Amino acid sequence: MKFGGTSVGSVNSILTVKKIVESQNEEVIVVVSALGGITDKLLAISKFAVEGNLSYITTFEEVVNRHNEVVEGVVPQQKLSTVKESVKSLLDELQNIFNSVYNTKDLSSHVSDVIVSYGERISSVILSNVIANANFANSIDFIKTKTEFSKHILDFDNTNRLVKSTLSKLSKVTVCGGFIATDTKTGNITNLGRGGSDYTAAILAAALNASILEIWTDVDGFMTADPKTITKAYVIEKLSYVEAMELCNFGAKVIYPPTIFPAYHKNIPIVIKNTFNPEAKGTYISRLKEESVRTIKGISSINDTALVTMQGMGMVGVIGVSKRLFSALADNGISVFFISQASSENTISVGVKNAEADLAKNAISKEFAQELEMGEINDIKVEKDLATIAIVGDNMKRIPGISGKLFGTLGRSGINVIAIAQGGSETNISFVTDSKSLTKALNAIHESFFLSEYQELNIFLTGTGTVGGGLLEQIKQQQPKLMAQNGVKIKVVGIADINKAIFNSEGIDLAHYQTTLEKEGIPTSPALLSNEILKMNIHNAVFVDCTASYEVAGLYKDLLSNNVSIVAANKVAASSDYENYASLKEIARKKGIKYLFETNVGAGLPIINTINNLINSGDKILKMEAVLSGTLNFIFNTISKDIPLSKAIVMAKEARYAEPDPRIDLSGTDVIRKLVILTREAGYRIEQSDVKKNLFVPDNYFSGSVEDFFATISELDAEFENKRQRLAAENKKYRFVAKMEEGNCSVGLQEVDMHHPFYDLEGSNNIIMITTERYNDYPMIIKGYGAGASVTAAGVFADIMSIANIR
């Protein structure tokens, strides 16, 4: 049983360890780390001392006080004086060493090894006197190392012999320190490296044929991914040795990677347990391959990555290039954790730590100096500040499509892959990307492979008026239901109104967003919106535009190019120059993301989606006739003997059917935009200027201010009343109709009789008749609410849901 630094980091945690160990019914070896944080403190004191900084004295006093407090809190009274004396003796030795370092300003690697050994030497003495019936064993007597490439490597033969002879007669509980060792030849104190306490436990388990190796730490086990990065990560209950090794080698810091081999060699199961949650199952590691519905078990990553690439035509077909490369790196003690080679043999890339990148370049350059001079090999290239990500799982073997799914997910998320590696065992697919993309990549992969319990959409919304505000209220109400029934988490991470914006990658509380926006919002602009969204670099990002702003619409191209999907209630972009419209659609298609604008026409009516479905299924749209302005339809349905044209316009504005400037509706501009959008979606190329207009309000009413318009529009009341009376006598009504036939478009006032489908169109409703090759004799009709904040917000919400493949 190995207990890490956090497990022995306080009085309460040590008492928990005591309880856990004493509950065992078989002989137990307990391996302990230094008290949590002590090793780092010892290294810091060493640095202070060698630099001549007197802070080493006060910092050392903190170490002394920490140990004394623990001893007072955990050691039984009858042993207290003896343990205090033992701990004091060790601390006195340590203080003398620090004083010597301060005086001589000399800190050799040997002295540093001696200093850091005291953490485990003291903690093991304490624990052996806390746990009932425990005996102390000094690890430096039986854990032996030898030196290779200036590093301490375990001396297996001597260690196994000494472990068996020293610990052959086990007591109920034996306590020893992890990490620490001595050199076989010199007898000098050494260590197994940071994290080496795990390794110590595995070495002892293998040498003594233990029934099980338990690693007690501060997490419940191996997680599907780093929970600090992916909040949806969960514990993996079972892993094979190979899966565990792959995850460890690629950054999963649950156990020290070398720990696995000794246990694997002797087929000893490893269990990862949480000292602070001992009831949790933990992770069980063995040779057994678990049959699972999941193709991958976990995702791991190394943020500290540099890629060293050697490339040149002179490498092709030459035997021994790889041997020379890796020998040069090995001779300089450089560890390689990633290898990628092109099948053409003209490129080899290796992944190393950033700190070793320049040394690796120099070693390779020296080895291939002649080839570099002759131009057979190009200059050695080093790329730093990268990240390596690996997906791991035994169940990936012989399963087609795993790589395709992985790299498709990365592509849709806008994540560039610099290098790729996959072993023949097919248990690991690794790739290198920019470190800035690490979080985004991990979240996207985790979600794509269904390791997550839910899919997450991250929403940036601009425009908090009637539509935007209504949408936020609908999202707030639907969030619990979508999580429970559809496994979709809608997280609003950015909100902007005309003046201020707020951003929070963890999600904004929609119940209080207005207050937060007012109190904490920062001054906003379209440029700030774009910068903040791209800076957050979050996966499954959706930009929702509930404005009518030309400047905001101008952001679309850059956002789409950076793999941010767009849902727009704003009609500006889709009705802009055809080249811009087509470019936005093409970028979205190439990036595998969405540019959706269903509510540009008909509010919440499924008009654009229906047109797309017809065309995608092979139909051709020949003709469209539509009433697309809820505002104008409301006005013509409201005009009566008692309500003249001018009053009907005011009523439309008050009911929020009309734009703030109703001339946009009355001029036909809004209808023209909608007709252009529909015509383009139907497969025709058209600009707004191509649409023929037959307007009912003279041009002179559209000049001047909005106030001027409302002051003079009543001049048309009498004329319209005369027309209304004539139409009523003939059982006809006015409708402002948009038409498209074979790509030719027009808008204008049209008289319809009682047999026409448009005659009974009530209130602010919209209607469209679509004639296609299939729906020729009997056109398809879509009819319903075509205006209103709530239905428009609902339509925007539906577009958002379609990004999550929910309709």
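Throughout what follows, the structure given in this document is the object of discussion.

The next point concerns the side chain of Asp183. Structurally, Asp183 can be placed in strand 7 (residues 180-183). For the buried Asp183, which has no salt bridge, the nearest side chain bearing the opposite charge is Lys185, at an N-O separation of 7.2 Å. Within the local environment of Asp183, its side chain forms a polar contact with the backbone nitrogen of Lys185, the two atoms lying 2.9 Å apart. Not counting residues up to four positions away in its chain, the partners in contact with Asp183 are Thr145, Lys146, Thr147, Asn188 and Thr190.

Turning to unusual backbone geometry, a few remarks are in order. One non-glycine residue, Asn540, adopts positive backbone phi at about 50 degrees. Examined against the element boundaries, Asn540 turns out to sit in the loop between helix 17 (526-536) and strand 23 (541-545). Exposure remark for Asn540: the relative accessible area of 26% places this residue in the partly exposed category. We note that Asn563 has phi near 65 degrees; this positive angle belongs to a residue other than glycine. Tracing the chain through its elements places Asn563 in the loop between helix 19 (556-561) and strand 24 (565-568).

Looking at the second largest pocket, its volume works out to about 1300 Å³. As for the second largest pocket, its lining consists of 50 residues, of which Val467, Cys546, Thr547, Ala548 and Glu659 are closest to the centre. Elements with a contribution of two residues or more to the lining of the second largest pocket: helix 15 (466-486), helix 17, helix 18 (550-553), helix 22 (630-638), helix 24 (663-666), helix 25 (669-681) and helix 28 (789-803). For the lining of the second largest pocket, a count of residues per class yields 19 nonpolar, 20 polar and eleven charged.

What follows concerns the pattern of salt bridges. Here the structure, examined in full by the defined rule, presents 32 salt bridges. Put simply, Lys381 and Glu383 hold a salt bridge, and the shortest N to O gap is 3.9 Å. For the salt bridge of Arg724 with Glu721, the shortest nitrogen-to-oxygen distance reads 2.7 Å. Residue Arg724 and its partner Glu721 are both found in helix 27 (residues 717-729); the two are separated by three residues, about one turn of the helix. Take Glu721: its relative accessible area is 17%, and that puts it in the buried class. A network of salt bridges, in which partner residues are shared, links Arg726, Glu730, Lys732 and Glu751.

On to the pairing of strand 7. Residues Ile180 and Thr182 line one face of strand 7 and the alternating positions Ala181 and Asp183 line the opposite face, and both faces are buried. Bridge analysis of strand 7 against strand 8 (residues 189-191) gives three bridges, and the strand direction is antiparallel. Within the sheet, the bridge partner assigned to Ala181 lies in strand 8 and is Thr190. Connecting the antiparallel pair strand 7 and strand 8 is a turn made up of five residues, with Gly187 showing a positive phi of about 80 degrees.

Looking at the element boundaries, Asp619 is found in the loop between helix 21 (607-616) and strand 26 (621-627). Although Asp619 is buried, it forms no salt bridge, and the closest oppositely charged side chain is Arg774 at an N-O distance of 4.3 Å. Engagement of the side chain of Asp619 in a polar contact is seen with the backbone nitrogen of Arg774, the distance being 3.3 Å.

A few words on the packing of aromatic side chains. Counted according to the given criterion, the structure contains 16 aromatic pairs. For the pair Tyr578 and Tyr581, a centre-to-centre distance of 5.6 Å together with 50 degrees between the ring planes defines the contact as tilted. Here Tyr581 and Tyr578 lie together in helix 20 (residues 578-591), a separation of three residues that amounts to about one turn. Since its relative accessible area comes to 18%, Tyr578 is described here as buried. Since its relative accessible area comes to 4%, Tyr581 is described here as buried. With a centroid separation of 6.0 Å and 70 degrees between ring planes, the pair formed by Phe696 and Phe736 is classed as edge-to-face. Note that Phe696 is positioned in the loop between strand 27 (692-694) and helix 26 (706-712) and Phe736 in strand 28 (residues 732-741), a separation of 40 residues in sequence. Phe736 matches Phe696 in its accessibility class, with the two residues each being buried. One aromatic cluster is present, built from ring pairs that chain together Phe636, Phe696, Phe720, Tyr734 and Phe736. Across from the ring centre of Tyr102, 4.4 Å away, lies the NZ or CZ of Lys105, which sits over that ring. Here Lys733 stacks its cationic end above the ring of Tyr759, 4.7 Å away from the centre of that ring.

Each value, and the rule that gives it
- Residues numbered from 1 in each chain as written.
- Predicted model: local features only at pLDDT ≥ 70, side-chain atom pairs only at ≥ 80, totals over all residues.
- Heavy atoms only, no water.
- Helix = DSSP H or I, 4+ residues; strand = E, 2+ residues; numbered from the N terminus.
- Buried < 20%, exposed > 50% of the residue type's maximum accessible area, 1.4 Å probe, protein only.
- Lys, Arg positive; Asp, Glu negative; His and termini not counted.
- Salt bridge = Lys/Arg side-chain N within 4 Å of Asp/Glu carboxyl O.
- Polar contact = N/O pair within 3.5 Å; in protein donor to acceptor, adjacent residues only side chain to side chain.
- Contact = heavy atoms within 4.5 Å.
- 1 Å grid on protein atoms, 1.4 Å probe; cavity = no way out; pocket = protein on both sides within 12 Å on 5 of 7 lines; lining within 4 Å.
- Points joined across faces, edges and corners; volume = space filled by probe spheres on them.
- Nonpolar A, V, L, I, M, F, W, Y, C, P; charged D, E, K, R; others polar.
- Pairing = 2+ DSSP bridges.
- Phe/Tyr/Trp six-rings, centres within 6.5 Å; stacked < 30°, edge-to-face > 60°.
- Lys NZ or Arg CZ within 6 Å of the ring centre and 35° of its normal.

Read these as layout, nothing more, since geometry by itself doesn't imply function.
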